[in-house]
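Residues per chain are reported as follows:
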Amino acid sequence: MNIKKLHPCNRLLVLVTISLLGYVSEAQEDLKLPGEVTEQHVMVPMRDGTRLSVYLYLPKGDGPWPVLLEQRYANARSNGSRFGLANIAQHGYVVALQNFRGTQLSEGRYVGYRALGWGKQQDGYDTVEWLAKQPFSTGKVGTFGSSQAGFAQNFLAVTQPPSLKCQYMIDTGLSLFHEGYRIGGTTRPNRFKGMAAACRVKSHNDDMLKEWFEHPTYDRYWKDEDCTRHFRKMNVPCMTIGSWYDFMCQGSIESYIGRQHSGGSQSKGNQKLLIVPWLHGRFNKGSLVAEMQYPENAAIDMVQHMVQWFDHYLKGIDNGADTQPTIQYYAMGAVGEEHAPGNIWKTAEDWPVHSNDTPYFLYSDQRLGVARPKAAADSVLLKADPFQPAKLPNTAFQGARDARHYEAQPNVLRFTPDPLSSPLEVTGHVTANLHVSSDAPDTDLIVRVSDVYPDGRSILIIGYVHRVRYRDGFHKEVFMKPGRIYETKFHVGWMSQVFNEGHRIRVTVSSTGDPFYESNPNTGKPLTIDWPDDARIANNRIHTTRTHASNIVLPVISE
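Residues numbered from 1 in each chain as written. Predicted model: local features only at pLDDT ≥ 70, side-chain atom pairs only at ≥ 80, totals over all residues. Heavy atoms only, no water.

A. Quick look at the side chain of Glu-129. With respect to the element layout, Glu-129 can be found in helix H3 (residues 123-132). Nearest to the buried, unbridged Glu-129 among oppositely charged side chains is Lys-133, at 5.4 Å. A distance of 2.9 Å separates the side chain of Glu-129 from the backbone nitrogen of Ser-163, its partner in a polar contact. If we skip the residues at most four places from it in the chain, Glu-129 touches Pro-161, Pro-162 and Ser-163. (Helix = DSSP H or I, 4+ residues; strand = E, 2+ residues; numbered from the N terminus. Buried < 20%, exposed > 50% of the residue type's maximum accessible area, 1.4 Å probe, protein only. Lys, Arg positive; Asp, Glu negative; His and termini not counted. Salt bridge = Lys/Arg side-chain N within 4 Å of Asp/Glu carboxyl O. Polar contact = N/O pair within 3.5 Å; in protein donor to acceptor, adjacent residues only side chain to side chain. Contact = heavy atoms within 4.5 Å.)

As structure tokens, then:
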């Protein structure tokens, strides 16, 4: 903000604000931002006196402007991030980037998302209302961001700050137990030890990890970080974007469903859901997705799309943002095949769309089919070896890539039918229903679905993990006994894929995928941050009989 160009009254008000509330600097003057956007840093006081770091990006001119807020724990000081935020500001918005309590330059103890929501500390609420009262602000605030900044928006919405008018979420989440720290009931200590790098005080992250391991089930502790319990308090219009090649797509879809059907009066009927053929992220939303080159219709100008949403709800511009279809989703198809079906946009009035839930049964010869097995006794051995696990050397879900390297490893079962004689569309929620026995009290099950091309490529679409001790619900641990068969049902993912003629649907089942899925010690003992000395191999069996017919349920779309 160029203070010299302000009206004298506003100039005085800004100077007083700077003096009282602690603007630290005009950050890193060496970087010339586009559109003459200026960058400033302020430490914003919360209700308990703790000050949180906020970087402001102010457009050229006198203002005032609506404000767009993003909350995250990660550092956003790369030139790419700063240019991206300045690019948004050029459209006539003050863009504010806040770091969570205890991260980066923000004061206080790092407690993850717990200070953002509905407890004694309500950092999201306090930040929105502070921004709304500044001289550069019109008093209207919107929020945006993906992943961690998507979770933060759900926490914020529950607190209902009066100045929050709308939200724009990408690849979001709701429950930290189910979609963050304990995916499928698994623990990922090595993944989250690295969170210390974002903390001002590294030991705060260690303290939080210890807390997590004191709560192995979905108890009151975890309910305090679960936004699904508070949809009725969410009360603003929201554009939610989910990505098919992202395990967090479940959070995006559940956020839409909860707000649209159970939210407040300004929430119900004012939600939009856009589901796209992309990876997890924010502005990586083009037509080239990992190894898949989709048609150009798969690309969206995310900044323009977001600005259209905010222009309507924060500036009152009648641009059709509120009248576009409630649901827009991309039905993916084969790439590089002329006239292949799919790769088109579809619309719907609500989600999920109608489908026929069709069980595809696993056979002991590792075929896959719709006919129920006839054998009275049949199974396939699946070894869970934490000492020599199947390798998934990635930090992110490997969708839109050839999965044959993983599938070819020992102890990964591949179930593949004959090539399709005609195209088959699968759109909706995919679930697994596995019948398993083991000589160990606990183990993990990993189920993935791929599109196998005629040339042999196995393009991963969805995948998920489930820790078997939670087969009766995440609120309790129930361990297996040798010789008994247990039915285990769990979420695998959301998808929309038109499998082309000549392609095959492949389902893989495994028990390890390290380090992406950190291995289960298989002992049934309390899980620990550090790897235990008594970890063991689990010899599991996937049963494929008439009575115990393991299957995966695909939502098939009829013509």
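Having seen the structure, we can now continue with the description.
B. Main features of the packing of aromatic side chains. The tally for this structure, following the rule as stated, stands at 24 aromatic pairs. Site record: aromatic cluster; members linked through ring pairs are Phe-177, Tyr-181, Phe-192, Trp-212, Tyr-218, Tyr-221, Trp-222, Tyr-470 and Phe-474. The ring of Tyr-453 carries the charged tip of Arg-457 above its face, separated from the ring centre by 4.2 Å. (Phe/Tyr/Trp six-rings, centres within 6.5 Å; stacked < 30°, edge-to-face > 60°. Lys NZ or Arg CZ within 6 Å of the ring centre and 35° of its normal.)

C. Main features of the sheet that holds strand S23 (residues 504-510). Reading across the sheet, the four strands line up as S18-S23-S20-S21 and stay open at both edges, with antiparallel pairing between neighbours. Two strands in the sheet have a free side with no partner beyond their single neighbour: strand S18 (412-415) and strand S21 (458-467). The average angle at which neighbouring strand axes cross in this sheet is 20 degrees, direction not considered. Bridging between strand S20 (residues 444-452) and S21 involves nine bridges; their strand directions are antiparallel. In the sheet register, Ser-450 faces S21, and the bridge partner there is Leu-460. (Pairing = 2+ DSSP bridges. Axes fitted to C-alpha atoms, helices over the stretch in contact; angles between N-to-C directions.)

D. Inspection of the side chain of Gln-260 at higher detail. Among the structural elements, Gln-260 can be located in helix H9 (residues 249-262). Those residues within four positions of Gln-260 in sequence are excluded, and the remaining contacts are Ser-267, Lys-268, Gly-269, Asn-270, Gln-271 and Thr-326.

E. Here's a closer look at the pattern of salt bridges. Taken as a whole, this structure holds 24 salt bridges when the rule is applied. Between Glu-225 and Arg-114 there is a salt bridge, with the nearest N and O atoms lying 3.4 Å from each other. One end of the pair, Glu-225, is in the loop between helix H8 (220-223) and strand S8 (238-245); the other, Arg-114, is in the loop between strand S5 (94-99) and H3, and 111 residues separate them in sequence. Where salt bridges share partners, they join Glu-39, Arg-77 and Arg-82 into one cluster.

F. Representation of helix H10 (residues 302-315) within the structure. With 14 residues, H10 extends 19 Å between its outermost C-alpha atoms, agreeing within 8% with the 20 Å of an ideal straight helix rising 1.5 Å per residue. The element H10 is extensively covered by neighbouring structure, given that 11 of its 14 residues are classed as buried. When we look at burial in H10, the residues that qualify are Met-302, Val-303, His-305, Met-306, Val-307, Trp-309, Phe-310, Asp-311, His-312, Tyr-313 and Leu-314. In this structure, the buried side of H10 is in contact with strand S4 (65-72), helix H2 (79-89), strand S6 (137-146), strand S7 (164-170), S8 and strand S9 (271-279). One side-chain oxygen of the residue at the start of H10 lies 3.3 Å from the amide nitrogen of Val-303, identifying that residue as Asp-301. With its phi angle positive at about 75 degrees, Gly-316 sits one or two positions after the end of H10. (Expected span 1.5 Å × (residues − 1).)

G. Representation of a nonpolar patch on the surface. The grouping of Phe-387, Trp-531 and Ile-537 at the surface amounts to a nonpolar patch, some 310 Å² of accessible area in total. For Trp-531, the location among the structural elements is in the loop between strand S24 (514-515) and strand S25 (538-543). (Patch = residues over 30% accessible without salt bridge, like charges linked within 9 Å, V, L, I, M, F, W, Y side chains within 5 Å. Areas by Shrake-Rupley, 256 points an atom, 1.4 Å probe, with all protein chains shown as cover.)

H. Representation of the pairing of S9 within the structure. Burial within S9 is extensive, with nine of its nine residues counted as buried. With burial as the criterion, each face of S9 is covered, one bearing Gln-271, Leu-273, Ile-275, Pro-277 and Leu-279 and the other bearing Lys-272, Leu-274, Val-276 and Trp-278. Where S8 and S9 come together, seven bridges link them in parallel fashion. Looking at S9, one finds that Ile-241 is bridged to Leu-274. As paired strands, S9 and strand S12 (residues 327-331) are joined by three bridges and run parallel to one another. Each bridged residue has a counterpart across the sheet, and for Ile-275 the counterpart in S12 is Tyr-329.

I. Broad picture of the nonpolar core. Counting 90 residues, the largest nonpolar core has Tyr-168, Phe-310 and Trp-351 as its most contacted members. Broken down by element, this core gets its largest block of residues, eight residues, from H10. Excluding its chain neighbours within four sequence positions, the residues that come into contact with Phe-310 are Leu-68, Tyr-93, Gly-142, Thr-143, Phe-144, Cys-166, Tyr-168 and Lys-315. Residues Tyr-181, Ala-198, Cys-199 and Tyr-221 belong to the second largest nonpolar core, which totals 30 residues. (Core = buried A, V, L, I, M, F, W, Y, C linked by side-chain atoms within 4.5 Å.)

J. Summary view of the environment of Met-195. Among the secondary structure elements, Met-195 is positioned in the loop between helix H6 (189-193) and helix H7 (202-213). Overall, Met-195 belongs to the buried group, its relative accessible area being 8%. Leaving out residues up to four positions away in the same chain, Met-195 has contacts with Tyr-73, Tyr-110 and Asn-205.

K. Inspection of the environment of Leu-381 at higher detail. One can find Leu-381 in strand S16 (residues 379-384). Separated by 226 residues in sequence, Leu-381 and Phe-155 place their C-alpha atoms 43 Å apart. Contact partners of Leu-381, with chain neighbours within four places excluded, come to Leu-413, Asn-539, Asn-540 and Arg-541.

Function cannot be inferred from these measures alone, as they are strictly geometric.
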